[in-house]
Each structure stands twice: as structure tokens, then as C-alpha cells.
Amino acid sequence: YPAASAVALAEVAPGRWPLLIFSHGSCGVPFQSEFLMRALASWGMVVAAPPHPGNTALEGLASCTSLEDSFLNRVADVRFVVDQMQLESATPGTQFARHVHPKRIGILGHSFGGQTAIRALAADPRFRAALALAPRPAIDLVVDRPLLVMTGTLDSITPFEPFARDALAVARGARMLVRLPDTGHCACIPLCIPSLCGDGCPPVGIEPPIANERVQRVVVPFAMRYVAGKGRFKRYLDPTSMPAGID
């Protein structure tokens with residue numbers, strides 16, 4: 001969150017800040033993309049990253065293979081977190097009292113969490129936009145608010161063709177499809193382990209810090225433009241402004 005000072009556990013900086021929910025992947029952890037959360041907070045966003053009970057790495061192997069229950073409950077998980085953050089903001093004396101903007105809320109997710117983000121955007125009008133990183137498609141939906149879909153060309157878990165294009169196909173509003181050459185499924189995570197991430201880890205793919213930087217280069221301006229409502233960030237989403245390595 002935007003902090004009032006550089007000390008640990010600092011108070012929230014004065015103001016009402018946009019809220020972004022982060023949904024982790026299957027058998028993931030809430031803090032898997034902390035570098036990205038810190039970047040978003042540095043630009044003035046509160047980022048809430050809950051665990052999805054029954055589908056985290058901390059709960060063991062069974063949580064990685066039992067997906068049906070998590071699928072049924074993930075959207076409810078993230079909506080519950082929005083409810084609680086809004087309650088916190090409305091309650092005097094709490095950490096986030098009067099610090100969460102009630103109408104600037106978005107959702108960001110990776111893999112299973114990317115699909116969760118798309119489904120949540122369709123289910124809850126409070127979400128102004130969704131940012132789906134390496135998602136599986138969410139079929140039989142239509143979303144009319146901004147949607148970002150980003151996947152690496154080497155992703156063997158949720159391949160760009162056809163998953164990324166299929167995921168974007170539900171969008172009827174502003175939308176952006178991003179392909180990251182030489183990256184795999186874990187481009188938004190600070191480490192790449194072939195047994196968990198599939199293809200795209202070094203030496204075939206680029207080093208994680210470079211992949212992370214490219215993810216950040218798109219995610220931050222998209223969130224600032226479509227969740228925070230800062231129109232000046234639109235120019236950073238122009239395809240001609242993108243550096244090499246981002247298509």
C-alpha cells in the first residue's frame with residue numbers, strides 16, 4: 001500500500017487509493033509476485049493478495065490437484081476480500097480507514113488466478129478492469145469492461161495459442177493482448193522452476209528479473225489507466241511505445 005513513511009509497518013499515506021485484488025495460481029501463494037505488488041503500491045494502489053483456501057502450495061500436494069472446489073469458490077473469495085477492504089475503509093480506527101476508494105477497484109491474477117480475474121470481472125460490477133496473466137480461458141462469458149491478457153510465447157501450461165486469444169475473446173470493451181517472447185508460464189514470478197513452470201525457464205527463456213520487468217512495464221500502466229482512472233498512462237499502452245520483448 002502507499003505508505004506515509006519508509007519505516008516498516010508504516011501508516012497508510014493520506015488519501016483514498018484504488019484497490020487491486022491479486023489472485024494467485026493453482027498451488028500458488030499470495031506473495032508469489034510481490035515485486036509487482038510493490039510496484040503497483042509505489043504508484044498509489046492498495047493491493048490485497050488473499051490465499052485461495054484449499055488451493056495453495058502451503059497446503060500440500062492435494063491442494064494442487066483438487067481444482068473443482070477452488071473453481072467454485074475463487075470468485076466468492078475475491079468478492080469477499082473486496083467486501084472486507086471496503087468495510088475496513090468505512091470503519092474508523094482501522095488501518096485502512098478512509099483509504100480505499102469505493103469505486104476504483106480492479107483484479108489481477110496469474111494462471112488459475114487469471115481465469116478467476118476474468119470470471120470475477122463478469123460477475124461483479126465493482127471491478128472496473130481485469131488483468132489476466134497466463135490465464136486459462138473463461139468460456140461462456142461476456143465482459144464489457146477493460147481486460148488485459150498477457151502470456152509468454154514459450155508457455156507450455158497455458159499456451160498463447162489458443163488460450164490467450166480465447167481468453168480475450170470474451171471482451172467487448174477496451175482490451176489488450178500482450179505476447180512476451182522468450183518467456184514461459186512464470187514470467188510474473190521471481191523464479192522459474194521447470195517442474196512447476198513448464199517450458200520457458202533459462203537457458204531457453206530469459207532470466208526471471210528481465211521477464212518480471214517486462215510484465216511490470218505493461219501491468220502498471222494498464223492498472224493506472226483503467227483501475228485508477230489516470231488518463232495520462234494511456235500513452236504507455238500504445239504498442240509503438242513498448243520496448244523490445246513486448247508484443
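Everything below is about the structure printed above this text.
A short tour of the structure in this document, coming up. (Residues numbered from 1 in each chain as written. Predicted model: local features only at pLDDT ≥ 70, side-chain atom pairs only at ≥ 80, totals over all residues. Heavy atoms only, no water.)

### Focus: the packing of helix α1 (residues 34-42) against helix α7 (residues 208-226)
Pairs of packed helices are described in terms of their axes, by the angle between the two and the distance that separates them. Two elements in contact, α1 and α7, have axes separated by 10 Å at closest approach and are oriented at 35 degrees. Handedness of the crossing formed by α1 with α7: right-handed. On α7, the residues that touch F35, L36, A39 and L40 of α1 are N212, V215, Q216, V219, V220 and A223. Its residues placed into classes, the contact of α1 with α7 shows eight nonpolar, two polar and no charged. (Axes fitted to C-alpha atoms, helices over the stretch in contact; angles between N-to-C directions. Helix = DSSP H or I, 4+ residues; strand = E, 2+ residues; numbered from the N terminus. Left-handed = near helix turned anticlockwise from the far one by under 90°. Contact = heavy atoms within 4.5 Å. Nonpolar A, V, L, I, M, F, W, Y, C, P; charged D, E, K, R; others polar.)

### Topic: the packing of helix α3 (residues 68-90) against helix α4 (residues 112-123)
Where α3 meets α4, the axes come as close as 9 Å, and the angle between the chain directions of the two elements is 60 degrees. With respect to the hand of their crossing, α3 and α4 are arranged in right-handed fashion. On α4, the residues that touch S70, F71, R74, V75, V78 and R79 of α3 are F112, G113, Q115, T116, R119, A120 and A123. Here the residues of the contact of α3 with α4 are counted per class, giving six nonpolar, four polar and three charged.

### Some thoughts on the nonpolar core
Grouped together as the largest cluster of nonpolar side chains are 39 residues, with contacts concentrated most on L40, L108, L148, M150, V215 and V219. A per-element tally of this core places α7 first, with eight residues. Excluding residues that lie within four positions of it along the chain, M150 makes contacts with A132, L133, A134, P135, V178, L180, V215, V218 and V219. Grouped together as the second largest cluster of nonpolar side chains are 31 residues, V46, I107, V149 and A171 included. (Core = buried A, V, L, I, M, F, W, Y, C linked by side-chain atoms within 4.5 Å. Buried < 20%, exposed > 50% of the residue type's maximum accessible area, 1.4 Å probe, protein only.)

### Brief notes about the state of the cysteines
Inspection of the entire model under this criterion finds two disulfides. The disulfide partner of C186 is C197, and the S-S distance across this bridge is 2.1 Å. Around the S-S axis, the bridge from C186 to C197 shows a dihedral of about -95 degrees and counts as left-handed. With C186 in the loop between β6 (175-180) and α6 (194-197) and C197 in helix α6, this pair connects stretches of sequence that are eleven residues apart. C197 matches C186 in its accessibility class, with the two residues each being buried. Here C192 is linked by a disulfide to C201, with a sulfur-sulfur distance of 2.0 Å. On the sign convention where negative is left-handed, the bridge of C192 and C201, at about -75 degrees about the S-S bond, is left-handed. Grouping residues by exposure puts C192 and C201 together as buried. (Disulfide = S-S within 2.5 Å.)

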